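Listed here are the chains, written in short residue letters.
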Amino acid sequence: MKMFITIHNKTVPVYSDEKNRKKFNLLKSALEAKVVKGRTAIKKCLDSIISIEIVGCEAILHSLNERDSLALSLY
């Protein structure tokens, strides 16, 4: 399943195996919190983000630089 989310006025695709709005809503709230209160590593990843993949209870944030990609727990 493919959905879209907007981060820093940039539309980013979100991929997931299952159709679960609860995880998508958890992802949105976690990203909003990280934009405001996140550390520099997370903010650096969000600045160059190209896609997000939801796997189980984690969101894998893929960025342009592979070293900036990281996993974010949704729960």
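Residues numbered from 1 in each chain as written. Predicted model: local features only at pLDDT ≥ 70, side-chain atom pairs only at ≥ 80, totals over all residues. Heavy atoms only, no water.

Peer 1: I keep staring at the pairing of strand 4 (residues 58-63) and nothing clicks. Help me out?
Peer 2: For a regular strand, side-chain orientation follows a simple rule: the groups alternate between the two sheet faces. With burial as the criterion, only one face of strand 4 is covered, namely that bearing Ala 59, Leu 61 and Ser 63; the residues Glu 58, Ile 60 and His 62 on the opposite face remain uncovered. As judged from the six bridges shared by strand 3 (residues 49-55) and strand 4, these two strands associate in the antiparallel manner. Bridge pairing in strand 4 places Ile 54 opposite Ala 59. Once strand 3 ends, the chain turns through two residues before running back antiparallel as strand 4, passing Gly 56 with a positive phi of about 65 degrees. Strand direction decides the pairing type here: strand 4 and strand 5 (residues 70-73), joined by four bridges, are antiparallel. Across the sheet, Leu 61 pairs through a bridge with Leu 70, a residue of strand 5. (Buried < 20%, exposed > 50% of the residue type's maximum accessible area, 1.4 Å probe, protein only. Helix = DSSP H or I, 4+ residues; strand = E, 2+ residues; numbered from the N terminus. Pairing = 2+ DSSP bridges.)

Peer 1: What is the right way to look at helix 1 (residues 21-37) in this model?
Peer 2: One full turn of an α-helix is made of 3.6 residues, so residues set three or four places apart face in the same direction. Taking 1.5 Å of rise per residue, the 17 residues of helix 1 would be expected to cover 24 Å, and the 24 Å separating its terminal C-alpha atoms lies within 8% of that figure. Inspection of helix 1 places Lys 23, Phe 24, Leu 27, Ala 30 and Leu 31 among the buried residues, and these make up the whole buried set. Down the axis of helix 1, the smallest arc covering the buried residues is 125 degrees, so these residues share one side. Along helix 1, the residues that are exposed and aim more than 90 degrees away from the buried face are Lys 22, Glu 32, Val 36 and Lys 37. Contacts made by the buried residues of helix 1 are with strand 1 (2-7), strand 2 (10-16), helix 2 (40-47), strand 3, strand 4 and strand 5. (Expected span 1.5 Å × (residues − 1). Arc of directions from axis to C-beta. Contact = heavy atoms within 4.5 Å.)

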